[in-house]
Amino acid sequence: MSYSKDNLAWLGTIPDHWQVSKLRQGLSPFSEKNHPDMPLLSVLREKGVIIRNVESKEENHNYVPDDLSNYKLVKQGQFTMNKMKAWQGSYGVSDYTGIVSPAYFIFDIAFENLEYFHYAIRSKVYVNFFAQASDGIRVGQWDLQMDKMKEIPFIVPPADEQIAIVKHIKQALPQYDAAIEKLTEEVAVLEEYKNKIIADTVTGKIDVRGIEIPEYEFVDEDADADNEDDGEEDTEEQEN
């Protein structure tokens, strides 16, 4: 496969036959309110658009007003974005119809393969662009400006390659999800074991009076690296 000579700093080289368009060319702002009885949605960095569990205290860190008439309608297939957390990747194509905070951006998408659009826009390469388009005094309070989205590029492969990309992602994801789940379970076991050791030690169940703590000598890693570099230079001089 040949690659273009044009180098996009955030992505690198791309295939010659792929197109580069402006992201906002395919997005049309949408704003409709007064649907307070619709399901409440939220946008997460890890999952995209989800149905919000209003009964869960863990999922409801933000205040939810009694009057939801000012919340914005989101239709299935629309691009939904938390503009305060776009720099984190809190956006995605919605699989649901519901309502979100008035502070969110909602767009109709003029793109045929919504699955490809969703996977592409949620890839890490785009997060930097949304961060650059956001302003604020502190990182946690950055706010995305819609007009600054106009210059964000969007990479568009041919339709058949879009289908192939989506197929590959769907085939690969289960094995990665399984690996993540296994590692998460192992970390939980180790955390439980660590907490048990601490508890048993402070309550006297483990006798640590006879344990000798070895003395550790601090080693400056930078100094070691410098010594290694000096050794390599000496070797090169001897060879020359």
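Just so it is clear, the structure is predicted and the values come from calculations on it, not from any experiment. (Residues numbered from 1 in each chain as written. Predicted model: local features only at pLDDT ≥ 70, side-chain atom pairs only at ≥ 80, totals over all residues. Heavy atoms only, no water.)

## A short note on the overall build of the protein chain
For the protein chain, the count of helices and strands is four helices and twelve strands. In the protein chain, which comprises 240 residues, the share counted as buried stands at 32%. Contacts spanning at least 24 positions in sequence make up 68% of the contacts within the protein chain whose residues lie at least 6 apart. When the accessible surface of the protein chain is totalled, it reaches about 16,900 Å², and 51% of it is carbon and sulfur. (Helix = DSSP H or I, 4+ residues; strand = E, 2+ residues; numbered from the N terminus. Buried < 20%, exposed > 50% of the residue type's maximum accessible area, 1.4 Å probe, protein only. Contact = heavy atoms within 4.5 Å. Areas by Shrake-Rupley, 256 points an atom, 1.4 Å probe, with all protein chains shown as cover.)

## Thoughts on the packing of helix α1 (residues 114–121) against helix α3 (residues 159–202)
One way to put it is that α1 packs onto α3 with a least axis distance of 9 Å and a crossing angle of 65 degrees. Crossing of α1 against α3: the hand is left-handed. For the pair α1 and α3, contact is made by Glu115, Tyr116 and Tyr119 and by Gln162, Ile165, Val166, Ile169, Lys170 and Leu173, respectively. (Axes fitted to C-alpha atoms, helices over the stretch in contact; angles between N-to-C directions. Left-handed = near helix turned anticlockwise from the far one by under 90°.)

## A short note on a nonpolar patch on the surface
Together, Tyr193, Ile197, Ile206, Val208 and Ile211 line one region of the surface with nonpolar side chains, adding up to about 450 Å² of accessible area. Residue placement: Ile211 occurs in the loop between α3 and α4 (221–239). For Ile211, a relative accessible area of 55% puts it in the exposed group. (Patch = residues over 30% accessible without salt bridge, like charges linked within 9 Å, V, L, I, M, F, W, Y side chains within 5 Å. Salt bridge = Lys/Arg side-chain N within 4 Å of Asp/Glu carboxyl O.)

## Notes on the side chain of Ser42
Within the fold, Ser42 resides in strand β3 (residues 41–44). Among all residues touching Ser42, those that are not within four sequence positions of it are Gly48, Val49, Ile50, Arg52 and Tyr104.

## Notes on the nonpolar core
Judged by nonpolar contacts, the single largest core of 29 residues is most densely connected at Phe117, Phe130 and Phe154. Taken together, the elements giving at least two residues each to this core come down to β6 (79–82), β7 (91–93), β9 (104–109), α1, α2 (124–132) and β12 (153–156). Apart from the residues lying within four places of it in its own chain, the contact partners of Phe154 are Gln19, Val20, Ser21, Leu23, Phe111, Tyr116, Phe117, Ala120, Ile121 and Tyr126. By size, the runner-up hydrophobic cluster in this structure holds nine residues, among which are Leu41, Val43, Val74 and Ile106. (Core = buried A, V, L, I, M, F, W, Y, C linked by side-chain atoms within 4.5 Å.)

## Thoughts on α2
Where α2 is concerned, the buried positions are Tyr126, Val127, Phe129, Phe130 and Ala131. Buried-residue contacts for α2 involve β6, β7, α1, β10 (134–135), β11 (143–144) and β12.

## What to know about the sheet that holds β6
The four strands are arranged β2-β9-β6-β7 in an open sheet whose pairing can be described as antiparallel. A strand with exactly one partner marks an edge of an open sheet, and here the two such strands are β2 (27–29) and β7. Averaged over neighbouring strand pairs, the angle between their axes works out to 25 degrees when direction is ignored. Here β6 runs beside β9; their pairing, made up of four bridges, is antiparallel. Among the inter-strand pairings, Asn82 is bridged to a residue of β9, identified as Tyr104. Against the sheet, α1 touches β2, β6, β7 and β9, its axis set at about 165 degrees to β7. (Pairing = 2+ DSSP bridges.)

## Thoughts on the confidence of the model for the protein chain
On average, residues of the protein chain score 81 in pLDDT, and 79% of them are at 70 or above. Strand β5 (residues 72–74) holds the highest mean pLDDT among the elements of the protein chain, 95, whereas α4 holds the lowest, 49. Long-range and interchain partners of residues 1–5, a stretch whose pLDDT sits below 50, account for twelve contacts in this model, where long-range means more than four residues apart. Below pLDDT 50 for its whole length, residues 228–240 participates in zero contacts with residues either more than four positions away or in separate chains. (pLDDT = per-residue confidence, 0-100.)

## Some words on the environment of Asp66
Along the chain, Asp66 falls in the loop between β4 (48–51) and β5. In this structure Asp66 comes out as exposed when scored by relative accessible area, which is 79%. As a C-alpha pair, Asp66 and Pro36 span 30 residues in sequence and 9.5 Å in three-dimensional space.

## What to know about the pairing of β9
Here β9 lies mainly inside the structure; five of its six residues are buried. Bridge count for β2 against β9 is three bridges, and the pairing is antiparallel. Bridge assignment links Pro29 to a residue of β9, and that residue is Phe107.

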